[in-house]
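Examination of the molecular architecture
Each chain, letter by letter, is given below.
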Amino acid sequence: GLTGAHDMGYDGHAVFRDLATIREAGDLGLRFAWYLPEPELDEAIGLGLRSGLGDEWLRVGGLKLFLDGTLGAQTAAMLAPYEDQPGNVGIDVLAPEALAERIVRAASAGLATAAHAIGDRAVRNALDAMVDARRVAAAPLRHRVEHAQLVDPADVPRFASIDVVASMQPIHATVDMAIADRHWGARTAHGYPWRGLLD
């Protein structure tokens with residue numbers, strides 16, 4: 001059955017506070033890793049929060065960042081335009097320079113990053129920033145690329161070379177199958193590359 005969950009900071013530190021209260025009462029039936037949202041990064045650094053702080057039931061996971069949008073809305077950040085929208089390459093929620101600054105700042109304080117990246121450009125931007133973060137972290141951190149739905153083949157081996165977790169959700173492959181074919185065309189062959197990442 002389910003033994004643990006990761007909360008991606010959607011309701012800020014209120015969820016962590018509530019989980020801590022339940023933990024103290026001895027009623028926390030799942031293990032939780034909590035990721036803080038970007039607006040709370042400076043406060044978390046000031047408090048000395050770092051990845052792994054806590055116990056086996058409740059611990060700090062790190063920082064959650066959003067790099068792009070979604071495939072369904074055609075806002076996932078792409079290296080080349082969407083098949084049916086020649087001028088659309090999606091959006092960067094954070095410019096690469098801002099992304100690198102936040103990941104490096106978090107890593108310097110001992111916080112790993114979980115970066116939402118669906119499109120191949122967002123995945124590449126995340127990996128680029130995580131390379132920089134490895135240079136400043138006092139201790140090894142396990143950064144994560146959340147979703148990684150479309151990964152350029154050149155970027156697949158980079159996950160292993162810089163020790164980044166590909167945190168993928170298999171349900172996206174089946175739920176998004178038709179829209180992936182429509183919006184990514186032949187690039188769908190590089191979507192959901194579980195075997196390549198596992199190898």
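Reading guide: rules and limits
- As a convention, each chain's residues are numbered from 1 in the sequence order in which they are written.
- The predicted origin of the model limits local features to residues at a pLDDT of at least 70 and limits the giving and counting of side-chain atom pairs to 80 or more, whereas totals for whole chains, interfaces and linings rest on all residues.
- Derived side-chain values reflect all non-hydrogen atoms in the structure, with water molecules and hydrogen atoms excluded from consideration.
- Secondary structure counts use DSSP, requiring at least four H or I residues in a row for a helix and at least two E residues in a row for a strand, with both numbered from the N terminus.
- Each residue's exposure class comes from its accessible area (1.4 Å probe, protein chains only) as a fraction of the maximum for that residue type: buried when under 20%, exposed when over 50%, partly exposed otherwise.
- When charges are tallied, Lys and Arg are placed among the positive residues and Asp and Glu among the negative ones, while His and the ends of the chain are skipped.
- In the sections that follow, a salt bridge refers to a side-chain nitrogen of Lys or Arg positioned within 4 Å of a carboxyl oxygen of Asp or Glu.
- Should any heavy atoms of two residues lie within 4.5 Å, those residues are considered in contact.
- The span you would expect from a helix comes to 1.5 Å times its residue count less one.
- The directions considered for the arc are those from the helix axis to the C-beta atoms.
- Note: two strands are recorded as paired if DSSP finds a minimum of 2 bridges between them.
- In this description, a line fitted to the C-alpha atoms serves as the axis of each element, helices being fitted only across the stretch in contact, and the angle between N-to-C directions of two axes falls anywhere from 0 to 180 degrees.
- In a left-handed crossing the near helix is turned counterclockwise from the far helix by less than a right angle, and in a right-handed crossing that turn is clockwise.
- For this scheme, ten residues count as nonpolar: Ala, Val, Leu, Ile, Met, Phe, Trp, Tyr, Cys and Pro. Four count as charged, namely Asp, Glu, Lys and Arg, and the remainder, Gly too, count as polar.
- Here the aromatic set is Phe, Tyr and Trp, taking the six-membered ring for Trp, and pairing holds for ring centres within 6.5 Å; pairs whose planes are under 30 degrees apart are stacked, those over 60 apart are edge-to-face, and all others are tilted.
- Placement of a charge over a ring requires the Lys NZ or Arg CZ to be within 6 Å of the ring centre, with the centre-to-atom vector within 35 degrees of the ring normal.
- We call a crossover right-handed when, viewed with the strands running away from us, the connection from the first strand over the helix to the second turns clockwise.

This next bit is on the side chain of Asp176. With respect to the element layout, Asp176 can be found in the loop between α6 (171–175) and α7 (177–184). Of the side chains with opposite charge, Arg182 comes closest to the buried, unpaired Asp176, at an N-O distance of 9.1 Å. Residues within four places of Asp176 in sequence aside, it is in contact with Leu71, Gln149 and Tyr192.

What follows is about helix α3 (residues 96–108). For α3, built from 13 residues, the straight-helix expectation of 18 Å at 1.5 Å per residue is met to within 8% by its first-to-last C-alpha distance of 18 Å. Within the sequence span of α3, burial applies to Leu99, Ala100, Ile103, Ala106 and Ala107. For α3, the buried positions fall inside an angular range of 135 degrees around the axis, keeping them on one side. Considering only its buried residues, α3 is in contact with α2 (41–47), β3 (58–66), β4 (112–117) and α4 (120–136). After α3 finishes, the residue Gly110 shows a positive phi value of roughly 90 degrees.

What follows concerns the sheet that holds strand β6 (residues 165–167). Strand order across the open sheet formed by six strands is β1-β2-β3-β4-β5-β6, with parallel pairing between neighbours. Every other strand in the sheet has two partners, leaving β1 (4–7) and β6 as the edge strands with one partner each. Adjacent strand axes in the sheet meet at a mean angle of 25 degrees when their direction is disregarded. Here strand β2 (residues 31–37) pairs with β3 via six bridges, running parallel.

The subject of this paragraph is the packing of α3 against α4. In the contact formed by α3 and α4, the axes pass within 8 Å of each other and the chain directions differ by 35 degrees. Between α3 and α4 the crossing geometry is right-handed. In this structure, α3 contributes Pro96, Leu99, Ala100, Ile103, Val104, Ala107 and Ser108 to the contact, and α4 contributes Asn125, Ala126, Ala129, Met130, Asp132, Ala133 and Val136. Considered class by class, the residues forming the contact of α3 with α4 number eleven nonpolar, two polar and one charged.

Taken as a whole and assessed by the stated rule, the structure comprises four aromatic pairs. An aromatic cluster of three or more residues is present, and its members are Trp184, Tyr192 and Trp194. One residue, Arg31, lies across the ring of Trp57, its end atom 4.4 Å from the ring centre. Directly above the ring of Phe66 sits Lys64, whose terminal nitrogen or CZ lies 4.7 Å from the centroid.

This paragraph deals with helix α1 (residues 13–24). Its twelve residues give α1 an end-to-end C-alpha distance of 16 Å, which sits within 8% of 16 Å, the value for a rise of 1.5 Å per residue. Listed as buried for α1 are Val15, Leu19 and Ala20. End-on, the buried residues of α1 take up no more than an arc of 135 degrees, which puts them together on one face. The inward-facing, buried residues of α1 contact β1, β2 and β3. Note on α1: the residue one or two positions beyond its end, Gly26, has a positive phi of about 80 degrees.

Glancing now at the pairing of β1. Pairing of β1 with β2 involves four bridges; the strand directions are parallel. Looking at the pairing, Asp7 lines up with Trp34 of β2. Regarding topology, α1 serves as the crossover connection from β1 to the parallel β2, and that connection is right-handed.

That is the geometry; function is a separate question.
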